[in-house]
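# Coordinate inspection notes
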Amino acid sequence: MKKKCSSAQLLLLIVIFVFTAACSPVGGSGRESQGAKEGGQKLERMAENGREEDGSRQELAEQTEGKADKGRYREEKVDLPFSANRLFDVQCREDGTVHILFECEPGSFHYWQSGDGGSSWEQKQLSTEWLPQGYRVVSASFGEEDIVVSAGKMSEDSLDEEHAVGEYTYFQIEDVQDGAQVHTLLLPLPQPREENLQSGYGLRQILLSGDGKIYGVFESGEDQSAEFEVFCFAPGQDGVLWQQKTNVAEIALYEDKIYLNEYGGAVVVLDAESGEKLEELAIPLEANFLSSMDINAKEEKIFYCNRTGIYGTDNQITLTELLVDGNLSSFSDISYDIKRLCHVDANVFLLFVQSAAREEIELLRYEFDKEMPSQPEHELVVYSLKENYVLDKMISDFRSSHPEVRLIHEVGMDDTAVKEEADAISILNTEMMAGDGPDVLILNGLPWESYGKKGILKDLQGDLASYISGEDGFANIFQAYQTDGAQYAAPISFKFPVLVGAKETVPHIESPSDLLTAVERTEGLPAFFRQDQRLLRYMFSIYWPDIQKGDGAVPKEDETISKEGLRELLETVGKINDRLKETENEISLFFQEEETDNSYDVFANDNNLDVSNITYGNVAMDLGYLSSLHDFEDIVREDCSYEVAARGVFSALIAGINSESQKQEFAREFLQFMLSEEEQKIFMDGMYAVIMGLPVNKAVFAEAPSGLVKEKLEDDVTNLTTPAMENTVVMDAIQNGADGYLAGEKSLEAAVEEIYKALELWMYEK
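Residues numbered from 1 in each chain as written. Predicted model: local features only at pLDDT ≥ 70, side-chain atom pairs only at ≥ 80, totals over all residues. Heavy atoms only, no water.

### Focus: the overall build of the chain
Looking only at helices and strands, one finds 20 helices and 38 strands in the chain. Per-residue burial for the chain yields a buried fraction of 57% across its 766 residues. Relative to all contacts within the chain whose residues are 6 or more apart in sequence, the contacts with residues 24 or more apart total 65%. With an accessible surface of roughly 32200 Å², the chain has 45% of that area assigned to carbon and sulfur atoms. (Helix = DSSP H or I, 4+ residues; strand = E, 2+ residues; numbered from the N terminus. Buried < 20%, exposed > 50% of the residue type's maximum accessible area, 1.4 Å probe, protein only. Contact = heavy atoms within 4.5 Å. Areas by Shrake-Rupley, 256 points an atom, 1.4 Å probe, with all protein chains shown as cover.)

See below:
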């Protein structure tokens, strides 16, 4: 499915694909991995280098289960005494000290050191008088005693984020530990053309070997015309020792070998002296590039990491050992971008990461604890019908803070034998009725009301009393999920449908017919980008109470489908859609929806609301879910107005506990963790486009910086009383009947009759 390109999402993509700092030589510890000796983890012979790590991890777990009682790497989040936004190099020397070079703000350059394996840090004095005013460091790396730097003039264009432009200048800082001396390096690089200087011209990556040679990735041109070469120089000697053209690439230097990554699935190993190709290694680095690899050249060991954990292997990638299981640490956190893996010794790994929520780099430290159980003592199974970004983040956080619990996430639609949501739900129902179901259920897309009536879900009133009363949470939102006085479902986050636009227009739109009128009056550009199936889902989800007769006038067991309400809404959606197609342009075509994967939770991940499209004149208004406090701040900042599109309707992440679970103590702990102030802050910390939703914890919600939150947003929140219809089985029935009508291939009456019969059958079976 095509997503909107909001500025936040573009930033996230840039963070993921930007080139990371060069890797540096790592001194050997001279010891075997105690994770292998004391943890008892078996070496796994890889059947083929390219096999997926999930499979290897599962096989390794099966081999090691029950064979070791104690010994595991313990994760610690280190509070760094400095702020680093860009990491240039990390080096662990033979004496065990760890050295880092980084930038805090554009034009700064810092050097810190740790003598205790990354637990504490001290600043090393390093003058920056040599750095010309208005310049910033592009790349820097350690040698044995020296530092080499590539720097360029900062762009004055604020939209370019002050990136370095012009022809780069190079420096070598000698004898860093003993009164550093700085001199400019004159490297024999090709002369630049004028057009090259706008994007920066020179070594985008620079490395320094122990014998004083300089290596770098040279880039000239930009976009499609960019050219890349790897160079090797010996300062003081004329000419280039060797050079070779390459595709877009990055390099790392370990002892006498250069590791070249062209992002093609394999890492090419070059002889550092001659540039001759030695071999190719299929190291599964994923999108983290060489920053997620470290090498102990003396012991011929390679260490690498990805979302599944930290691995150790030999130089030929034939024997691979899982050292840190990603399922028991922060590796599963989708908000983290790995900036550097550093192997300190057999007992300690450092992982520098950058969150989508923060500019500052964070440090995760892993130290082998021989007394820690090799496997968690307890197990908790969490089930969701589909993948969900918010849940992924919360599971990762829980794993990190609860090393005694193995939290297993089961996704119903991940089963290869499952093609439709109804099939996954049927399998889940069978397991639940047999008493073998998961401990915690994420209820999005599941028939949670039916589960509650049948006694499948635990009544959470006692566990959530402070939230239901309004002391800790929004009472109206929790009470909206009550069934016959019981609290079987707990909202974890929420969002609600809004229409955003000009102050003189939006407040007058209070119904689907008002929306149709506003769309028909819009001239010259699309009213909004949401159309076809995306518009259909949105409208039927929030106006479902107009279709399902169950407003209290009739008992719930006597609820039926209003054929007239169904006809009116479907006709309105069709007319709005036709009008939107009349005003299509290149931009609106870009945002049109493609067919989605069944494993993708469309409702939970729907964040298609971007006020900037109104500001830039792409659309007249915007229709979507207010799913972030940053959305609200954008609306206020852009002097727009919003109107709740359907009174008392909202969308949320909801959870429940299996009433037959034998792990209810830990299930309650996970539920309380998701609702805690500390965890609910993920909705406040800037992770827009990754973490969507507003916090249900009132104390966290009250931390919103804008005073308008109290005046407008909180008033609207307290009026939300009815959950939106987000049942994928129901929506599939509606879409199947409506697609032909929206395409002009089926009459309105035929579509209504088909949808009506499908929905009546669903209500009978539920």
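Here the narrative resumes.
### Concerning the nonpolar core
One finds Phe494, Phe496, Tyr642, Phe670 and Leu671 to be the most contacted residues of the largest nonpolar core, which totals 81 residues. When residues of this core are assigned to their parent elements, the largest contribution, seven residues, is made by helix H15 (residues 664-675). Those residues within four positions of Leu671 in sequence are excluded, and the remaining contacts are Leu460, Leu464, Ala490, Ile492, Ala655 and Ile657. (Core = buried A, V, L, I, M, F, W, Y, C linked by side-chain atoms within 4.5 Å.)

### A word on the packing of helix H10 (residues 532-542) against helix H19 (residues 728-742)
The axes of two packed helices give the description: the angle between them and the distance between them. At a minimum axis distance of 10 Å, the contact between H10 and H19 shows a crossing angle of 130 degrees. When the interaxial angle is binned, H10 and H19 end up oblique. The way H10 lies across H19 gives a crossing that is right-handed. Facing H10, whose interface residues are Asp532, Gln533, Leu536, Arg537, Phe540 and Ser541, H19 presents Met731, Ile734, Gln735, Ala738, Asp739 and Leu742. Residue classes in the contact of H10 with H19 are distributed as six nonpolar, three polar and three charged. (Axes fitted to C-alpha atoms, helices over the stretch in contact; angles between N-to-C directions. Parallel < 35°, antiparallel > 145°, perpendicular 65-115°, else oblique. Left-handed = near helix turned anticlockwise from the far one by under 90°. Nonpolar A, V, L, I, M, F, W, Y, C, P; charged D, E, K, R; others polar.)

### Brief notes about the pattern of salt bridges
Taken as a whole and assessed by the stated rule, the structure comprises 26 salt bridges. Linking Arg136 and Glu103 is a salt bridge whose minimum nitrogen-to-oxygen distance equals 2.4 Å. Of this pair, Arg136 sits in strand E7 (residues 135-142) while Glu103 sits in strand E4 (residues 98-103), and the two are 33 residues apart along the sequence. A single burial state applies to Arg136 and to Glu103, both of which are buried. We note a salt bridge from Glu754 to Lys746, for which the minimum N-O separation is 2.8 Å. One connected set of salt bridges, linked through shared partners, spans Arg86, Glu103 and Arg136. (Salt bridge = Lys/Arg side-chain N within 4 Å of Asp/Glu carboxyl O.)

### Looking at unusual backbone geometry
Even without being a glycine, Glu300 presents a positive backbone phi close to 55 degrees. The residue Glu300 is located in the loop between strand E19 (293-296) and strand E20 (301-306) in this model. Of note in the backbone geometry, Asp639 takes a positive phi value of approximately 60 degrees without being a glycine. The residue Asp639 is located in the loop between helix H14 (629-637) and strand E35 (641-644) in this model. A relative accessible area of 54% places Asp639 in the exposed class.

### Let's talk about the sheet that holds strand E16 (residues 257-261)
One open sheet holds the four strands; their spatial order is E15-E16-E17-E18, and the pairing between them is antiparallel. Only two strands of the sheet have a single neighbouring strand rather than two, namely strand E15 (250-254) and strand E18 (277-281). The sheet shows a mean angle of 25 degrees between the axes of neighbouring strands, direction not considered. Examined bridge by bridge, E16 and strand E17 (residues 267-271) share five bridges and lie antiparallel to one another. Note that in E17 the partner of Lys257 across the bridge is Asp271. (Pairing = 2+ DSSP bridges.)

### Thoughts on the sheet that holds E4
With antiparallel pairing, four strands are arranged side by side in an open sheet as E3-E4-E5-E6. In this open sheet, the two strands that pair with only one neighbour each are strand E3 (86-92) and strand E6 (122-123).

### Re the packing of aromatic side chains
What the rule picks out here adds up to 28 aromatic pairs. Between the aromatic rings of Phe632 and Tyr642, the centroid separation amounts to 6.2 Å while the plane-to-plane angle is 75 degrees, which identifies the pairing as edge-to-face. On the criterion of sequence distance, the pair formed by Phe632 in helix H14 and Tyr642 in strand E35 is long-range, its members being 10 residues apart. The class of Phe632 is buried, set by a relative accessible area of 3%. Using a relative accessible area of 4% as the deciding quantity, one classes Tyr642 as buried. One aromatic cluster is present, built from ring pairs that chain together Phe82, Phe102, Trp112, Trp121 and Phe352. Above the plane of the ring of Tyr336 lies Lys393, whose end atom (NZ or CZ) is 5.6 Å from the centre. (Phe/Tyr/Trp six-rings, centres within 6.5 Å; stacked < 30°, edge-to-face > 60°. Lys NZ or Arg CZ within 6 Å of the ring centre and 35° of its normal.)

### Comments concerning the environment of Lys70
Counting through the fold element by element, Lys70 comes out in strand E2 (residues 70-78). Under the relative-accessibility criterion, Lys70 is labelled partly exposed at 44%. Linking Lys70 and Glu371, residues 301 residues apart in sequence, is a C-alpha distance of 5.6 Å. A distance of 3.5 Å separates polar atoms of two side chains, one belonging to Lys70 and the other to Glu371. (Polar contact = N/O pair within 3.5 Å; in protein donor to acceptor, adjacent residues only side chain to side chain.)

### Side note on the side chain of Ser493
Within the element layout of this structure, Ser493 appears in strand E31 (residues 490-501). In this structure Ser493 comes out as buried when scored by relative accessible area, which is 4%. Apart from the residues lying within four places of it in its own chain, the contact partners of Ser493 are Ser651, Ala652, Leu653, Phe683, Met692, Gly693, Leu694 and Val696.

### What about a negative patch on the surface?
A cluster of acidic residues, Glu144, Glu145, Asp175, Glu255 and Asp256, forms a negative patch at the surface. Following the sequence through the fold, Glu255 ends up in the loop between E15 and E16. The exposure class assigned to Glu255 is partly exposed, which follows from its relative accessible area of 46%. (Patch = residues over 30% accessible without salt bridge, like charges linked within 9 Å, V, L, I, M, F, W, Y side chains within 5 Å. Lys, Arg positive; Asp, Glu negative; His and termini not counted. Charge placed at Lys NZ, Arg CZ, Asp CG, Glu CD.)

### Regarding the environment of Glu103
Relative accessible area serves as the criterion here: at 1%, Glu103 is assigned to the buried category. Sequence separation between Glu103 and Val137 is 34 residues, and the spatial gap between their C-alpha atoms is 7.9 Å. Residues in contact with Glu103, not counting those within four places in the same chain, are Ala84, Asn85, Arg86, Phe88, Ser108, Arg136 and Val137. Within polar-contact distance, the side chain of Glu103 engages the side chain of Arg136 at 2.4 Å.

### Some thoughts on the packing of H10 against helix H11 (residues 563-582)
The geometry of H10 relative to H11 is characterised by a closest axis approach of 10 Å and an angle of 145 degrees between their N-to-C directions. For the pair H10 and H11, the crossing hand works out as right-handed. Contacts between H10 and H11 involve Asp532, Leu535, Leu536, Met539 and Phe540 from the first element and Leu566, Leu569, Leu570, Val573, Ile576, Asn577, Leu580 and Lys581 from the second.

### A word on the confidence of the model for the chain
Within the chain, residue pLDDT values average 83, and 85% of them lie at 70 or more. In the predicted structure, residues 1-67 sits below a pLDDT of 50 and forms 172 contacts with residues beyond four places in sequence or in another chain. Every residue in residues 550-557 is under pLDDT 50, and counting partners more than four places away or in other chains gives three contacts. (pLDDT = per-residue confidence, 0-100.)

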